[in-house]
Amino acid sequence: MSEHEKKRRSLRGWKSGRWAPPGTAPGTLTVDPEAEPTRIRVLAYGPDAIEEQPVDSPAELRSYLDGWPVVWVNVTGLANAEALQEVADLFGLHPLALEDVANTHQRAKVEPYEEEVFVVARMATERPPDTEQLSLFFGRGFVLTFQERAGDCFDGVRDRIRRSNRRIRQRGADYLAYALLDSIVDSYFPVLDRMGDELESLEDEVLASPDQDTMTRIYRAKRTLIGLRKAIGPHREALNALIREPTELIADETQLFLRDCYDHAIRIIDVVEAYRELSADLINTYLSAVSNRMNEIMKVLTIIASIFIPLSFIAGLYGMNFDPGASPWNMPELGWRYGYPFALFVMGAVAAVFLIFMWRKGWFR
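These numbers were taken from a predicted model, which means no experiment stands behind them.

Draft legend 1. The arrangement of the overall build of the protein chain in detail. Of regular secondary structure, the protein chain possesses 11 helices and seven strands. Here the C-alpha coordinates of the protein chain stretch approximately 125 × 45 × 35 Å along the principal axes. Sorting the 365 residues of the protein chain into buried and exposed places 40% on the buried side. Contacts in the protein chain between residues far apart in sequence, at least 24 positions, make up 63% of those at least 6 positions apart. Working note: accessible area of the protein chain is about 20,500 Å², and carbon and sulfur atoms make up 54% of it. Mean positive and mean negative side-chain charge positions of the protein chain (42 and 53 charges, respectively) differ by 7 Å.

So, in C-alpha cells, the structure goes:
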C-alpha cells in the first residue's frame, strides 16, 4: 500500500467505522471493518513442559490459566469484536484498554491497572518500512498480545521458549513481557540498516549524477524516517515508566533487563535522528549539485556567447550592403580580391584572443 493510499484510508476512518462518533460512551469497542480475521494462539510453558497450539474459541483458554506457570495468548487480527470482548472478559481487561486495542493509532504508552499492566508499542516491519500497533497485557502468570495482522518479530522469543535450557523458561510473565518488548525495539535495527544503505546509495548518486528520481527517493526516505521517529520516540517514555514506577507485577531482576531495552530504544532514536539530519543534508547537497551543474552549463553557454558576439559584430558589419562605387569609403575591401579570407582571418584571430584570455583567467578549469 502506497503512502498516499494510507493517508486516504486514514481519512476515511470516520466513514468506515474505525473511530466511534462523537458522544459515544467511553470504552465502546469499535473495530475496523478492513481488519484481518481474528485468530488466537496460545503458548503455555513452565520449566519442564510446554504446549503450543491455536484455539478456536476464547473459552478454551480458561483451562490453560490454572495449569501453567506462564500462558502467552497471542491474538492476530482485530475484526471479530465478540472474540475480542470474550478474551477481555476472561482476563478482566478494562473497557478503556480494550478500546485502545481496537483503535490501532495509539502512540506507545504504559497504563498500569490493579491486576495487569497495559503496554502499547509500535512494531517495525521491514518491507515496506512501516509500523503496526501491538497491544500487550501482562499480569500474574499471563501475557496477552494483540496484533493488527499476521507476522511479527517474535520468532526468536518463541524459539527460546521451546528450548528447555533457556532463562525465559525459568522466569515469570514479566520476563516474557520484557522479551517481547525487547524484540519490538530491536525490530527497528534491520529497518534502520536498510535505510542506512539506502542513504549511502543516495549520497553517491547525489555526488555523481543527481536527477529528479534521486530527489524523489530522498524525500521518500525522509518521510519514512519521520514516521519511524514518531513511532519509536514514545517508547522511551513508556519504557522509562515501566522502570521507574514500582509495581508488584515486575520483579527487580526484570527491571535490570528493562533498562537494557531502554538503552536500545535510546540508541535507535539517536540513529533515526542522525539519519534524518543526513537526509536533510542530502536535500541541500542535491540542490547545491543541481545549482552547480546549472552554473557549469551557464558558464559554457556564456563562453560560447562571448566568443561569437564579436564574430557576429564583424559579420553584421560586412552585411550592411553599402555600395563601394558610390564612395571610396564604402567598404573598399569588398572589392578586394582577398577580402573574404581577410574577414575570416580577423574572426579567427578575435576568437583566438578571447580563448587565450579566458584560459589564462582559469575559466576552463
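Draft legend 2. Examining the layout of surface pockets more closely. For the second largest pocket, the calculated volume is near 220 Å³. What lines the second largest pocket is a set of 15 residues, among which I40, R41, N74, T76 and R158 lie closest to the centre. Contributions of two or more residues to the lining of the second largest pocket are made by β1 (39-45), β2 (50-55) and β3 (70-76). In terms of residue count, the dominant contributor to the lining of the second largest pocket is β1 (five residues). Per-class residue counts for the lining of the second largest pocket are six nonpolar, four polar and five charged.

Draft legend 3. Molecular detail of the sheet that holds β1. On the basis of which strands lie adjacent, the open sheet formed by seven strands has the order β2-β1-β3-β7-β6-β5-β4 and mixed pairing. Both edges of this open sheet fall to β2 and β4 (109-112), since each of them pairs with a single strand only. Each strand of the sheet is rotated relative to its neighbour by a mean of 15 degrees, with strand direction disregarded. Of the strand pairs in this sheet, β1 and β3 are connected by seven bridges, and their pairing is antiparallel. The residue of β3 that forms the bridge with A44 is V71. Contacts from helix α6 (residues 155-162) reach β1, β2, β3 and β7 (142-147) within the one sheet, and its direction differs from that of β2 by about 135 degrees.

Draft legend 4. Quick peek at a negative patch on the surface. Together, E126, D193, D197, E200, E203 and D204 line one region of the surface with negative charge. Inspection of the secondary structure puts E126 in the loop between β5 (116-125) and β6 (130-139).

Draft legend 5. The arrangement of the confidence of the model for the protein chain in detail. Residues at a pLDDT of 70 or more form 93% of the protein chain, whose mean pLDDT is 86. Across residues 7-17, confidence stays below pLDDT 50; counting only partners more than four residues off in sequence or on other chains, it has 16 contacts.

Draft legend 6. Representation of the environment of V119 in the model. Residue placement: V119 occurs in strand β5. Through-space distance from the C-alpha of V119 to that of L278 is 32 Å; in sequence the pair is 159 residues apart. Leaving out residues up to four positions away in the same chain, V119 has contacts with K109, V110, L134, S135, L136, F138, L181 and L242.

Draft legend 7. Quick look at helix α8 (residues 188-208). With 21 residues, α8 should reach 30 Å at 1.5 Å per residue; the first-to-last C-alpha distance of 30 Å fits that figure. Within α8, burial applies to Y188, V191, L192, M195, G196, L199, L202 and V206. End-on view of α8: buried residues confined to an arc of 140 degrees, all on one side of the axis. Residues of α8 that are exposed and point more than 90 degrees away from the buried face comprise D193, D197, D204 and A208.

Draft legend 8. View of the pairing of β5. Counting buried residues along β5, nine of its 10 residues qualify, which places the element largely inside the surrounding structure. Relative to β5, β4 is paired through four bridges, and the arrangement is antiparallel. Within the sheet, the bridge partner assigned to K109 lies in β5 and is V120. Hairpin connection, β4 to β5: the antiparallel pair is bridged by three residues. Bridge count for β5 against β6 is 10 bridges, and the pairing is antiparallel. Within β6, the residue paired with V117 across the bridge is F138. In textbook terms, the turn of a hairpin is the stretch between consecutive antiparallel strands, and for β5 and β6 this stretch comprises four residues.

Draft legend 9. Representation of helix α10 (residues 252-317) within the structure. Between its first and last C-alpha, α10 extends 97 Å over 66 residues, near the 98 Å set by a 1.5 Å rise per residue. Where α10 bends most, at F308, the angle is about 25 degrees, and the proline P310 comes one to four residues later.

Draft legend 10. Seen up close, the nonpolar core. Grouped together as the largest cluster of nonpolar side chains are 59 residues, with contacts concentrated most on F138, V143, L176 and L242. For this core, the element with the highest residue contribution is helix α9 (residues 212-244), accounting for 12 residues. In contact with F138, other than residues within four places in its own chain, are E116, V117, V119, V143, D174, A177, L249 and I250. Counting residues in each nonpolar core, the second largest holds 27 residues, with V71, A97, V101 and F137 among its members.

Cut-offs applied
- Residues numbered from 1 in each chain as written.
- Predicted model: local features only at pLDDT ≥ 70, side-chain atom pairs only at ≥ 80, totals over all residues.
- Heavy atoms only, no water.
- Helix = DSSP H or I, 4+ residues; strand = E, 2+ residues; numbered from the N terminus.
- Buried < 20%, exposed > 50% of the residue type's maximum accessible area, 1.4 Å probe, protein only.
- Contact = heavy atoms within 4.5 Å.
- Areas by Shrake-Rupley, 256 points an atom, 1.4 Å probe, with all protein chains shown as cover.
- Lys, Arg positive; Asp, Glu negative; His and termini not counted.
- Charge placed at Lys NZ, Arg CZ, Asp CG, Glu CD.
- 1 Å grid on protein atoms, 1.4 Å probe; cavity = no way out; pocket = protein on both sides within 12 Å on 5 of 7 lines; lining within 4 Å.
- Points joined across faces, edges and corners; volume = space filled by probe spheres on them.
- Nonpolar A, V, L, I, M, F, W, Y, C, P; charged D, E, K, R; others polar.
- Pairing = 2+ DSSP bridges.
- Axes fitted to C-alpha atoms, helices over the stretch in contact; angles between N-to-C directions.
- Patch = residues over 30% accessible without salt bridge, like charges linked within 9 Å, V, L, I, M, F, W, Y side chains within 5 Å.
- Salt bridge = Lys/Arg side-chain N within 4 Å of Asp/Glu carboxyl O.
- pLDDT = per-residue confidence, 0-100.
- Expected span 1.5 Å × (residues − 1).
- Arc of directions from axis to C-beta.
- Bend = angle between axes of the 7 residues up to and from the residue.
- Core = buried A, V, L, I, M, F, W, Y, C linked by side-chain atoms within 4.5 Å.

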